[in-house]
Amino acid sequence: MSRRPFLVRKAAVLGAGVMGAQIAAHLVNANVPVLLYELPAKEGDPNGNVRKAIENLRKLEPSPLAVPSRAGQIQPANYEQHLPLLKECDLVIEAISERMDWKADLYRKVAAHVGEHTIFASNTSGLSINRLAESFPAEVRQRFCGVHFFNPPRYMHLVELIPAASTEPALLDDLEAFLVTTLGKGVIRAKDTPNFIANRVGVFSLLATIHHAQRLGIRFDTVDALTGALIGRPKSATFRTADVVGLDTFAHVVNTMKEALPTDPWYPYYDVPAWLKQLIEQGALGQKTRRGVYQKVGKDIHVLDTASGSYGPSEGRADETIVEILKNKNIAERFEQLHASDHPQAQFLWSIYRDTFHYCAVHLAEIAHNARDIDLAIRWGFGWDRGPFEIWQAAGWQRVAGWLAQDIAAGKTMAAVPLPAWVTEPGRTGVHTSEGSFSPETGSYQPRPQLPVYRRQPFPATLVGEEVRYGETIFENEGVRCWHTGDDIAIVSFKSRMHAIGGDVLEGVLRALDEAERNYMGLVIWQTEPPFSVGANLKKTQTGGGERRQPSALGKLFKSVRREAESLALKAARQIGVADQLMAGRLGEVEQLVEQFQETTQALKYSMIPTVAAVDGLALGGGCEFIMHCDRAVATLESYLGLVEVGVGLLPAGGGCKEFAMRAAAEAKGGDIGQFIQRYFKTVAMAEVARSAEHAKELGYLRPTDTIVMNRYELLHVAKEQVRALAETGYRPTLRQNAIPTAGRNAIGTIKAYMVNMREGGHISEHDYLIGSKVATVMCGGEVEGGSPVDEQWFLELERRHFMELIATEKTQARIEHMLKTGKPLRN
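Criteria and thresholds
- Residues numbered from 1 in each chain as written.
- Predicted model: local features only at pLDDT ≥ 70, side-chain atom pairs only at ≥ 80, totals over all residues.
- Heavy atoms only, no water.
- Pairing = 2+ DSSP bridges.
- Helix = DSSP H or I, 4+ residues; strand = E, 2+ residues; numbered from the N terminus.
- Right-handed = clockwise from strand over helix to strand, strands pointing away.
- Axes fitted to C-alpha atoms, helices over the stretch in contact; angles between N-to-C directions.
- Parallel < 35°, antiparallel > 145°, perpendicular 65-115°, else oblique.
- Left-handed = near helix turned anticlockwise from the far one by under 90°.
- Contact = heavy atoms within 4.5 Å.
- Nonpolar A, V, L, I, M, F, W, Y, C, P; charged D, E, K, R; others polar.
- Buried < 20%, exposed > 50% of the residue type's maximum accessible area, 1.4 Å probe, protein only.
- Salt bridge = Lys/Arg side-chain N within 4 Å of Asp/Glu carboxyl O.

Asker: Please provide a residue-by-residue account of the sheet that holds strand β12 (residues 432-433), values included.
Answerer: Within the open sheet, the three strands sit side by side as β12-β13-β14. Their pairing is antiparallel. The sheet is open, and its two borders are formed by β12 and β14 (444-446), each paired with just one other strand. As paired strands, strand β13 (residues 436-439) and β14 are joined by three bridges and run antiparallel to one another. By the bridge assignment, serine 437 is partnered in β14 with glutamine 446.

See the structure below:
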């Protein structure tokens, strides 16, 4: 008899604190019904505490919820009344405070209520899984393990999976598959050592940074200027990150290392600095208390001066000579210059790299199964572009190892322990190859995990030293590469910066459609790296590989997805060349490109083979219009779609207004179209950007039939399966509609009346009113009687005409020019 399949019909989360509530939120994001438990309230509704935690999820930024309504799908529960409900749950995740005794008490309390097949997992960030397992009876112990999510759980890709000695191996495989596909996570199997992998290495790196900053007298804000985006780490860098995480949380993790690692060579550095202890005693815990290393004073950011204990303006900068070194794309040359320089900032950077390399080399065999696990854990859990071993390998393995050995011998490193023998083996050039990553345990290179779930990832996260080959080329031009993976589905990927859509991309997509119609089952639009596309690019752009790193949606979501969209639209606008073409009087060229854009989107819609857009990250303007015209979209949850043209004084003219008008007519089902148009008008006129793929469905950018996947590395696989499903049904494109009912002039009047009130109230400018009027005119089908039938070309001509009328106005030109110069929208 085959083993019972693992299906998570319902889950439970024990503990409604910061992590527990957000883990529950991500479970409902993935359509997993979830019970969220907390202690009963002392007064009133026994579920009062947990209801408060659920309601608080709606207020957090970045939002842990795909859409706010998902909060209502979390079922509140308390430990006194609802423990019997645990028997209904296939997965229980404990996420209470990091106290071994508290966790043990809870385990003893709930053990009798756990179902006979239930997996029970602790979200501990570093406590011993084997010690925790001892609190369970034997029959539950074999179904117990650690599952460590990183904060915030929706956005951070890493989950560490830690078995106890008693954990059933097949259970881990089941849970890993669930975490990867259903929750969209990157799973690293960690050993049961203090703080596991990511926190062990990441927190040591922070401690090394603090140590060398103090040794060299470098201010906190200067450290952050040096250790953020300049070296491929999050913009929040070191001390801003500590403030965001919480200084008390950081101190707790450090203390865990101090208590659990008394014989570690780096033990003297596992200590909370005096200034940090003082801040915690004062209740200055970082972002959550509005004071920590940094403090906002009015509109200004001030930083702590440890010498005086007071705050002053944050003015720290990286020295220009160091910035120039760090701009060098040749990592080996960059490290040679840092190592040779006597500038304090260069010596600081070399020191933190050196000590992190040293630490990872010494502890690799103890904490991880291979070097890949450390590098991916740091990338996915701490947001580094590259892991420590990858950086070392790219910088020149043997040369850096030699520098390290010299510094160890000279007593310059934080610990005097020598490098392991494997580091300097003859012929070693690194730890990553296409065959696998080095494991000191086995003395061999371990291939990637072979679980069936990873067959869904044709192109997983790659490491330095691995060779990546994206299939066989069908054809290639300056804008796109069309290729296949050895099967009957064509894939087209954009080569332009940020995947902006210019004439060469449009020509490439049209050719790809022609090629696919003649020789392939279907066509997928998929980018090798996010974003999907920042929109139209009205002149040829500099080509090259897609950006390695999408501008951090997570970081900027703290403020506003819409602001980020406008900013990125501006970066695209720097390539748009609209201002140049306006100044040169070449409006005819702009109109020609708009016509070509419309031709391409219509070709996507009416191709004789199925077309699927595989969406990840930002999809703005024309990129969003491409998606709206494909037969299907497959989007990762972290897809941010929007028609943002209004932000530069224009309107969508690649068929976006037309598609919204057609959807409104279909939804009206012969009734009044105006009320449906108003919803879509608001989306376009306010340049609304979806905060998730689920939100994109609510806004109408995605259709109910479009698919959402949780793991970006499975995106291409699912998109190709959608092509196959469509093709297997005997695919034919939808029939062209020649009698689309319009909302007409009355609907235009209603929208204009609303905008007049907005203008008179000072909420919009005269030019905003003009733009909104033109959007309304296009979406309502022009000055015709309501219900008048028109075809798609009618809408496209309206789009094009009103787009060109707007682009010819001085105020739209001023908006474009201002965005090009400042990167910020102008409200004139």
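Asker: A description of the pairing of strand β8 (residues 186-189) should follow, citing residues and the corresponding values.
Answerer: Of the pairings in the sheet, the one linking strand β7 (residues 158-163) to β8 comprises four bridges and is parallel in character. Looking at the pairing, glutamate 160 lines up with isoleucine 188 of β8. Taking the sense of rotation as the criterion, the β-α-β connection linking β7, helix α6 (residues 169-182) and β8 turns out right-handed.

Asker: Now, about the packing of helix α13 (residues 331-340) against helix α14 (residues 344-367): what can you tell me, with residues and values included?
Answerer: With their axes 8 Å apart at the nearest point, α13 and α14 run at an angle of 115° to one another. Put simply, α13 runs roughly perpendicular to α14. In the crossing of α13 with α14, the sense of the turn from one axis to the other is left-handed. Along its contact with α13, which presents Phe335, Leu338 and His339, the element α14 presents Ala346, Gln347, Leu349, Trp350, Tyr353 and Phe357. For the contact of α13 with α14, the class distribution of residues is seven nonpolar, two polar and no charged.

Asker: An account of the packing of helix α7 (residues 198-216) against helix α15 (residues 371-382) is needed here, citing residue identities and associated values.
Answerer: Here α7 crosses α15 at 70°, and the two axes come no closer than 9 Å. Between α7 and α15, the angle is such that the two are roughly perpendicular. Residues Ala198, Asn199, Val201, Gly202 and Val203 of α7 form the contact with α15, whose own contacting residues are Ile374, Ala377, Ile378 and Phe382. Considering only residue class, the contact of α7 with α15 consists of seven nonpolar, two polar and no charged.

Asker: Explain the side chain of threonine 611 to me, and be specific about the residues and the numbers.
Answerer: Along the polypeptide, threonine 611 turns up in strand β19 (residues 611-620). If we skip the residues at most four places from it in the chain, threonine 611 touches Leu513, Leu523, Leu604, Cys630, Asp631 and Arg632.

Asker: Please provide a residue-by-residue account of unusual backbone geometry, values included.
Answerer: Following asparagine 151, the chain continues to proline 152 via a peptide bond in cis, the omega torsion being 0°. Position of proline 152 relative to the elements: it lies in the loop between β6 (144-149) and β7. A cis amide bond links proline 530 with the next residue in sequence, proline 531, at an omega value of 5°. Here proline 531 lies in the loop between β18 (522-525) and α18 (553-557). At alanine 237, a residue that is not glycine, the phi angle is positive and equals roughly 55°. Within the fold, alanine 237 resides in the loop between α8 (220-226) and α9 (239-245). You can call alanine 237 buried: its relative accessible area is 10%. For arginine 290, which is not a glycine, the phi torsion comes out positive at approximately 65°. Relative to the helices and strands, arginine 290 resides in the loop between α11 (274-281) and β9 (294-297).

Asker: Give a detailed account of the pattern of salt bridges, specifying residues and quantitative values.
Answerer: All told, the structure shown has 51 salt bridges when counted by the stated rule. Here lysine 605 makes a salt bridge to glutamate 792, at a shortest N to O gap of 3.4 Å. With a gap of 187 residues between them, lysine 605 in helix α21 (residues 587-606) and glutamate 792 in helix α29 (residues 792-807) connect regions that are remote in the sequence. Relative accessible area serves as the criterion here: at 10%, lysine 605 is assigned to the buried category. One salt bridge connects arginine 745 with glutamate 783, and the closest N-O pair in it is separated by 3.8 Å. One end of the pair, arginine 745, is in helix α27 (residues 744-760); the other, glutamate 783, is in the loop between α28 (766-779) and β23 (789-790), with 38 residues separating them in the sequence. Several salt bridges converge on common partners, so that one network encompasses Asp487, Asp488, Lys720, Glu721 and Arg724.

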